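# Notes for the structure review
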Amino acid sequence: MRDISIIVISAVLINNIVLSQFLGICPFLGVSKKVSSAVGMGLAVTFVLTFAGMITWFVQQFVLIPLEIEYLQTIAFILVIASLVQFVEMVVKKTSPDLYKALGVYLPLITTNCAVLGVSILNIQKTYGFLDSVVNSFANAIGFTLALVLMAGIRERLEDADIPASLKGLPISLITAALMSIAFMGFTGLI
Amino acid sequence: MNLAKTFSKGIINENPLFRLMLGMCPALAITTSVENGIGMGMAFTAVLLASNVVVSLLRRIIPESIRIPCFIVVIASFVTITEMVMHAYAPALFESLGIFIPLIVVNCIILGRAEAFASKNGLVPSVMDALGMGLGYTLALVTVSAVREVLGAGTFLGIPIIGLIDNPALVMILPPGGFIALGCILALLNKMQQKKAQSN
Amino acid sequence: MRDVLKLGAFLLIVAGIAGLGLGYVNSLTAPVILAQEEENKISGFQEVYSQAEEIKDESAKYLPDGADGIVREVNVAYQKGTPAGVIYMVEPKGYGGEIQMLVAFDIATKEITAIKVLSNKETPGLGAKCGEEFFSERFQNKSAEGVLELVKQEPVGDNQVMAITAATITSKAVVEGVNTAREHFVSNFL
């Protein structure tokens, strides 16, 4: 139980996937203009990342390792993730039109979100068991959502601020992210 | 479009990192030293070149409707080859780039070039496109990592710089430093562009 | 339907070719990678304990409960068929994660011959300095029989080690790793 809580705290706060591991930067900067879209993207990533963590773990343990083709990991995982995203999109569309309305536009973007592939590979590299992998994936997704929503909140306010012309857009977002990253560094040493 | 232009557009006008804002993750994560920047840039260029060549050669054979999965398989294969070669012959670099080598797969630039350029053009232009984009991305990575290494560690390519080595601004090689460096470089580029626009 | 089959077959062929190609490259690079890892390990061992004629991994014998705790490996260095020294791989928990390091002891002199930090995730410029020579030198030739103590000024006692400035947690972790190895060494080899 203690191990799991350490994994969660470490993934959400200390080694935050966006602010300290630099995975998923593209959606972090691209979809953080509004809090509502940030929440949508965060939910979609949470959904896909958790499932991807589960499935890639099975693929690694029951396909790649028994066949001794661990070197095909990258190729296998990216195909699994791409198919998973398609599948999730289809299922959500059929079963819950409301959810599809909320998540639909974000789902196709997730295939090329390096957070999903990154966390799946890291789960294997850290030799996590099944439960640890799922928890770690879920916690990382929560960390992603947290960073994304915080960022969106700040950017909504930045809209009204008087920013020097050359800093407008991406530069000020990056510097905001730097300040958030510094703040998150304060969590190091929590465990 | 002539070949020279195909090559040079990736370096300045359509620089993947500074202009198209693609491939941000490695640009922030591994740019803690110039050596890493060069290594990542070379690995990236190798993958981009190989995938552009194959996609360009196979552009008439690959069925339209499944081209994206095919591209992904091609790119992932070359990434894996690059990863294995680096692991075997440049283990120190392999260690320090870590997870970001397999993640070249999801670097939007490579899939983007396969889709937007190589699948529509012949072999020679595709090679020039890959070299230009690769060089542009490498230069961008080296710029970011030079700023971070010089300010954050007081060294350049591991060589100490007198006056900076004793009291480096550590934060620049920590995660926040990546955001700060890239943000300031982009702001500087914006400023230069505005000046140019005003004088015209 | 036939189209789907055709496209599926095409994709399968592409993936098959990719798989075969990768298998081939893997068969070329895998031995190189393996040889290199082996070489790294041996040169690491030699750096911390140079007089060995043969080094055997005897973790199974000396760590009956598996790699429980922070001791990961117990390697015994032999000279003329008898154990002369012991090289431990320990992984104490530092500020940013586990610090993987080697600690070597000499049985005859009952001293630490050297320590070497193999990998760490400590803060660059602060804790990451634990991998540098100036710090590992502070452990050289310390007696294995007394508990090592971390101090912040120039050490006065023989069993004292000075911490890295502004990286107390990292220094503590390294000392903890050395002490754990030391305890195991004293109770099993002396």
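For the structure given in this document, a descriptive report is provided here. (Residues numbered from 1 in each chain as written. Chains lettered and ligands numbered in written order. Predicted model: local features only at pLDDT ≥ 70, side-chain atom pairs only at ≥ 80, totals over all residues. Heavy atoms only, no water.)

## What to know about the overall build of chain C
Counting secondary structure elements, chain C contains four helices and seven strands. Element order for chain C, N to C, with α for helix and β for strand: α-β-α-β-β-β-β-α-β-β-α. For 190 residues, the compact-globule estimate of 2.2 N^0.38 gives 16 Å, and the C-alpha radius of gyration of chain C, at 23 Å, exceeds that figure by more than 25%. If you line up chain C on its principal axes, its C-alpha atoms span 85 × 45 × 30 Å. Among the 190 residues that make up chain C, the fraction classed as buried is 42%. For chain C, the exposed area adds up to about 10300 Å²; of that, 54% sits on carbon and sulfur atoms. Separation of charge centres in chain C, based on 17 positive and 26 negative side chains, amounts to 5 Å. (Helix = DSSP H or I, 4+ residues; strand = E, 2+ residues; numbered from the N terminus. Rg over C-alpha atoms; globule rule 2.2 N^0.38 Å. Buried < 20%, exposed > 50% of the residue type's maximum accessible area, 1.4 Å probe, protein only. Areas by Shrake-Rupley, 256 points an atom, 1.4 Å probe, with all protein chains shown as cover. Lys, Arg positive; Asp, Glu negative; His and termini not counted. Charge placed at Lys NZ, Arg CZ, Asp CG, Glu CD.)

## Examining the packing of aromatic side chains
This structure, assessed with the given rule, holds 13 aromatic pairs over all chains. Arranged with centres 5.5 Å apart and planes meeting at 85 degrees, the rings of Trp57(A) and Phe58(A) form a pair that is edge-to-face. Taking the centre distance of 5.7 Å and the plane angle of 25 degrees together, the rings of Phe58(A) and Phe62(A) count as stacked. A residue pair is termed a helical-turn pair when its members lie 3 or 4 positions apart in one helix, as Phe58(A) and Phe62(A) do in helix H3 (residues 35-64) at four residues. Since its relative accessible area comes to 39%, Phe58(A) is described here as partly exposed. By the ring-pair criterion, three or more aromatic residues cluster together here, those being Trp57(A), Phe58(A), Phe62(A) and Phe130(A). Note that Lys56(C) overlies the ring of Tyr78(C), its terminal NZ or CZ placed 4.8 Å from the centroid. (Phe/Tyr/Trp six-rings, centres within 6.5 Å; stacked < 30°, edge-to-face > 60°. Lys NZ or Arg CZ within 6 Å of the ring centre and 35° of its normal.)

## A short note on the layout of surface pockets
As a volume, the second largest pocket reaches approximately 700 Å³. Along its surface, the second largest pocket is lined by 25 residues, and Leu79(A), Ala82(A), Ser83(A), Pro69(B) and Leu11(C) are the ones closest to its centre. When residues of the lining of the second largest pocket are traced back to their parent elements, those giving at least two are H3 and helix H4 (73-95) of chain A, helix H4 (67-89) of chain B together with helix H1 (2-48) of chain C. Class assignment of the residues belonging to the lining of the second largest pocket gives a composition of 19 nonpolar, five polar and one charged. (1 Å grid on protein atoms, 1.4 Å probe; cavity = no way out; pocket = protein on both sides within 12 Å on 5 of 7 lines; lining within 4 Å. Points joined across faces, edges and corners; volume = space filled by probe spheres on them. Nonpolar A, V, L, I, M, F, W, Y, C, P; charged D, E, K, R; others polar.)

## Overview of the side chain of Ser137(A)
In this structure, Ser137(A) sits in helix H7 (residues 130-158). If we skip the residues at most four places from it in the chain, Ser137(A) touches Leu49(A), Thr50(A), Gly53(A), Val119(A) and Asn123(A). (Contact = heavy atoms within 4.5 Å.)

## Considering unusual backbone geometry
Even without being glycine, Thr127(A) reaches a positive phi, approximately 50 degrees. Turning to its location among the elements, Thr127(A) is positioned in the loop between helix H6 (114-125) and H7. One non-glycine residue with positive phi stands out, namely Asn141(C), at about 60 degrees. Looking at the secondary structure, you find Asn141(C) in the loop between helix H3 (133-136) and strand S6 (149-151).

## Quick look at the interface of chain A and chain C
Taken together, the contact between chain A and chain C spans five residues of the former and six residues of the latter. Both sides together, the interface formed by chain A and chain C hides about 570 Å², and carbon and sulfur atoms give 74% of it. When residues of chain A are sorted by the area they lose upon contact with chain C, Tyr71(A), Leu72(A) and Thr188(A) head the list and together hold 62% of the total. At the boundary of chain A with chain C, the tally comes to zero salt bridges. At the surface where chain A touches chain C, the tally comes to zero residue pairs in polar contact (both at pLDDT 80 or more). Classifying every residue of the side of chain A that touches chain C gives three nonpolar, two polar and no charged. (Buried area = accessible area lost by both parts, 1.4 Å probe. Salt bridge = Lys/Arg side-chain N within 4 Å of Asp/Glu carboxyl O. Polar contact = N/O pair within 3.5 Å; in protein donor to acceptor, adjacent residues only side chain to side chain.)

## Digging into the sheet that holds strand S1 (residues 54-57) of chain C
Residue and element names in this part refer to chain C. The antiparallel open sheet is built from five strands, whose spatial order is S1-S2-S3-S4-S5. Bordering the open sheet on either side are S1 and strand S5 (111-119), each of which pairs with just one other strand. In this sheet, adjacent strand axes meet at a mean angle of 20 degrees when their direction is disregarded. Relative to strand S3 (residues 82-90), strand S2 (residues 71-79) runs antiparallel, the two being bridged by eight bridges. Bridge pairing links Val 74 to Tyr 88 in S3. (Pairing = 2+ DSSP bridges. Axes fitted to C-alpha atoms, helices over the stretch in contact; angles between N-to-C directions.)

## Notes on empty space enclosed by the protein
This structure, assessed with the given rule, holds three cavities of 30 Å³ or more. Of the pockets and cavities examined, the largest cavity occupies roughly 110 Å³. Lining the largest cavity are 13 residues; nearest its centre among them are Cys114(A), Cys25(B), Pro26(B), Val106(B) and Asn107(B). Counting residues per element, the lining of the largest cavity draws most heavily on helix H2 (residues 24-29) of chain B, which supplies three residues. Looking at the lining of the largest cavity residue by residue, the classes come out as ten nonpolar, three polar and no charged. In this structure, the second largest cavity encloses a volume near 70 Å³.

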